[in-house]
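Residues per chain, in single letters:
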Amino acid sequence: MAQATDLDRRWIFLAMGVLVVGLFASGVSSPMPVSRYVSDYYDTIEALPEGSVVMLSADFDPASAAELFPTYQATIHHLMRRGIRVVNVATWPAAPPYTRKAFDAIAPAYGREYGTDWVELGFKPGDDVAMAQIGQSIRTTYPRDDRDGTAIDQLPLMSEVGDSFEGIELLLTMSAGYPGILEWIAQAGGRYDMTMLAATTAVQTPDLFAYYPTQLAGFCGGATGATQYLQLVANSAGTATIMDQAPLDELLAVKEKNQKRMVIQMWGHLLIIALIVLGNVLYFRGRKAVA
Amino acid sequence: MKREIPIALTVICGLLITWAFFSPSELSQAVNVELTAWASIFFAVAFLLGIGNLVRISLKQISARHPDWPYKALLMLMLFGYLSIGLLEIHGVIESEYGDKAYQDWIYERIFKPLQSTMFALLAFYIASAAFRAFRARSMEATLLLTAGALVMLGQVPLPIAPPEVGAFFARVQGFLMAYVNAAGQSAIIMGAALGTLATGLRIVLGLERSYLSE
């Protein structure tokens, strides 16, 4: 017992640091088998007719971007490639810079135009109340877009979207916590019978299994789900007509990076399991010595 | 009156929202839309109140030379600095050749993003340390928790160092634990929490629950 508590925790920090940095430098990567949850996320988007309108909510910030932004980028590729149009909102104040950057980089490469193929409504304060308000009246909630203050009825895409999610086929959220997927399910999924998909941080993922597949058609959980979805989108990228190759090359690079991250995560998990075993061995030895 | 007015407002708003939830009439929906819009405005105003409170506490600590005063000073500098730059850029007082919100974007990309990402990434180190110190198989429940945690961790990642069958085995075990054991527990918790929320909501609407008034 005494040995376990005496170990300076900086040795543990050092071990984890060396492991992560060393593996990043080594560049070892590994593909992942795709789970049915991620497969359903992909298939639900694939099943949408071309020209459908979806709402994509960015409910994350930089702290969780490492887990969620790759899925966000891959989702935009997937939607734009399939000619699905996007109403883009955010319930976290730090999300819009990510969303704008991602859409501006990816959508034009597929020949998509702002206003016709995607709109950027931006952040709305109010958490679940803001979600309920979007359901009641998207025009009252967002009279103008977040890009340059255009009245949303002047945006061609919004002429096809009524209030109370009319005209919106699917609701997707990239959710890092509160407010996020659970609040969207309560405020939109249940009340307006919306089909929903989510990408969540690993820590939030266990909450989702109780909602799958009735309230949630599919989900990408943490870096694991992101890697699996990136594989699916990147592997089917060859079927797309793309006007600018650069964003697609970036997607392939993101997929490679995530596959490297999964190997790092594997060693990190093994280190944690080894530390748990070591801690318990020292604990029981100490107890035996005391007895 | 300090007690009665807030309770009356809570009861009236609670009843109106409940009425709107069950009634499709135009009047109830109009009231619902109006009240939700008010709630949204209150949220925005709460940001201002929060900033006001933060400034008040920080200035107090700076003037009292509290041990944390340099951090508070930095907080104030960033708060008002970012706000000022945003306002000056929006009104075109300062401009950059790199775009409309170039200065704000620079602060967001170069300071805010790396700082917040770093804070979250530090969790990996603390979890490793906590795993060593705190996860002890002291009881049957703790042992089950530890074992389930380890199995889920192994099923969550690819295992290129092991034969494919081993990776597939851990993935199946992880899938079973998450889809059945975890989902069953989560469903029970969700139902319990929903009933609790309903009961608390009713108590608030009926004016029986007054803890939000610090009573």
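Above this text sits the structure in question.
To start, this report covers the structure provided alongside it.

## A closer look at the nonpolar core
Reasoning step 1: Ranked by size, the top nonpolar core spans 48 residues in total, and within it I45(A), F60(A), Y72(A), F103(A) and Y229(A) carry the most contacts.
Reasoning step 2: Per-element accounting of this core gives the leading share, 8 residues, to helix α4 (residues 62–81) of chain A.
Reasoning step 3: Residues within four places of I45(A) in sequence aside, it is in contact with T75(A), H78(A), L79(A), R82(A), I84(A), L170(A), L172(A), L197(A) and Y229(A).
Reasoning step 4: Judged by nonpolar contacts, the second largest core, of 35 residues, contains Y142(A), V161(A), A198(A) and A179(B).

## Side note on the packing of aromatic side chains
Reasoning step 1: Enumeration over the complete set of coordinates arrives at 23 aromatic pairs over all chains.
Reasoning step 2: Here the aromatic rings of F13(A) and F125(B) are separated by 6.1 Å at their centres, their planes lie at 85 degrees, and the arrangement is edge-to-face. Linking F13(A) in helix α2 (residues 9–26) with F125(B) in helix α5 (residues 123–134), this pair reaches from one chain into another.
Reasoning step 3: Take F125(B): its relative accessible area is 24%, and that puts it in the partly exposed class.
Reasoning step 4: Judged by centre distance (5.0 Å) and plane angle (85 degrees), the rings of Y37(A) and F209(A) are edge-to-face. With Y37(A) in helix α3 (residues 36–46) and F209(A) in the loop between β5 (195–200) and β6 (218–221), this residue pair connects regions lying 172 residues apart in the sequence. The pair Y37(A) / F209(A) is uniform in exposure class, with both members buried.
Reasoning step 5: Three or more aromatic residues link up through ring pairs in this structure, and these residues are F60(A), F69(A), Y72(A), Y98(A), F103(A), Y114(A), W118(A), Y108(B) and F112(B).

## A few points about the sheet that holds strand β3 (residues 118–123) of chain A
All names here are of chain A.
Reasoning step 1: Spatially, β3-β2-β1-β4-β5-β6 is the arrangement adopted by the 6 strands of the open sheet, whose pairing is parallel. Each having just a single partner strand, β3 and β6 make up the two edges of the open sheet. Here the average twist between neighbouring strands, direction ignored, is 15 degrees.
Reasoning step 2: Contacting β4 (168–175), β5 and β6, α3 crosses the sheet at an angle of about 125 degrees to β6.
Reasoning step 3: Running over the sheet, helix α9 (residues 222–235) touches β5 and β6 and is turned about 115 degrees from β6.

## As for the packing of helix α10 (residues 245–290) of chain A against α5(B)
Two quantities define a packed helix pair, namely the angle between the axes and the distance from one axis to the other.
Reasoning step 1: Axis separation between α10(A) and α5(B) bottoms out at 7 Å; the angle between their running directions is 25 degrees. Our classification of the angle between α10(A) and α5(B) gives roughly parallel. Like other packed secondary-structure pairs, α10(A) and α5(B) cross with a definite hand, here right-handed. Residues I272(A), L275(A), I276(A), L278(A), G279(A) and L282(A) of α10(A) lie in contact with α5(B), whose contacting residues are I127(B), A128(B), A131(B) and F132(B).
Reasoning step 2: Considering only residue class, the contact of α10(A) with α5(B) consists of 9 nonpolar, 1 polar and no charged.

## Concerning the interface of chain A and chain B
Often the size quoted for an interface is simply the accessible area lost on bringing the parts together.
Reasoning step 1: Between chain A and chain B, the contact holds 55 residues from the first and 47 residues from the second.
Reasoning step 2: Carbon and sulfur atoms supply 69% of the area that chain A and chain B bury against each other, a total of about 4700 Å² over both sides.
Reasoning step 3: Across the chain A-chain B interface, the total number found is 0 salt bridges.
Reasoning step 4: There are 16 residue pairs in polar contact (both at pLDDT 80 or more) connecting chain A and chain B.
Reasoning step 5: With 16 residues, the top contributor of residues to the side of chain A that touches chain B is α10(A).
Reasoning step 6: Of the residues that constitute the side of chain A that touches chain B, the class distribution is 33 nonpolar, 12 polar and 10 charged.

## Examining the pattern of salt bridges
Residues and elements named next belong to chain A.
Reasoning step 1: Per the stated rule, a full pass over the model turns up 10 salt bridges over all chains.
Reasoning step 2: When the shortest N-O distance is used, the salt bridge between R139 and D153 registers 2.7 Å. Of this pair, R139 sits in helix α7 (residues 138–141) while D153 sits in the loop between α7 and β4; the two residues are 14 residues apart in sequence, bridging distant segments of the chain.
Reasoning step 3: Exposure remark for R139: the relative accessible area of 22% places this residue in the partly exposed category.
Reasoning step 4: Taken together, the shared-partner salt bridges in this structure form one network comprising R100, D104, E120 and R147.

## Remarks on the environment of S23(B)
Residue and element names in this part refer to chain B.
Reasoning step 1: In this structure, S23 sits in the loop between α1 (4–22) and α2 (26–63).
Reasoning step 2: We classify S23 as buried; its relative accessible area is 15%.
Reasoning step 3: Distance from S23 to F169, taken between C-alpha atoms, is 52 Å for residues 146 residues apart in sequence.
Reasoning step 4: Apart from residues no more than four positions distant in its own chain, S23 is found in contact with S28 and Q29.

Rules and cut-offs
- Residues numbered from 1 in each chain as written.
- Chains lettered and ligands numbered in written order.
- Predicted model: local features only at pLDDT ≥ 70, side-chain atom pairs only at ≥ 80, totals over all residues.
- Heavy atoms only, no water.
- Core = buried A, V, L, I, M, F, W, Y, C linked by side-chain atoms within 4.5 Å.
- Buried < 20%, exposed > 50% of the residue type's maximum accessible area, 1.4 Å probe, protein only.
- Helix = DSSP H or I, 4+ residues; strand = E, 2+ residues; numbered from the N terminus.
- Contact = heavy atoms within 4.5 Å.
- Phe/Tyr/Trp six-rings, centres within 6.5 Å; stacked < 30°, edge-to-face > 60°.
- Pairing = 2+ DSSP bridges.
- Axes fitted to C-alpha atoms, helices over the stretch in contact; angles between N-to-C directions.
- Parallel < 35°, antiparallel > 145°, perpendicular 65-115°, else oblique.
- Left-handed = near helix turned anticlockwise from the far one by under 90°.
- Nonpolar A, V, L, I, M, F, W, Y, C, P; charged D, E, K, R; others polar.
- Buried area = accessible area lost by both parts, 1.4 Å probe.
- Salt bridge = Lys/Arg side-chain N within 4 Å of Asp/Glu carboxyl O.
- Polar contact = N/O pair within 3.5 Å; in protein donor to acceptor, adjacent residues only side chain to side chain.

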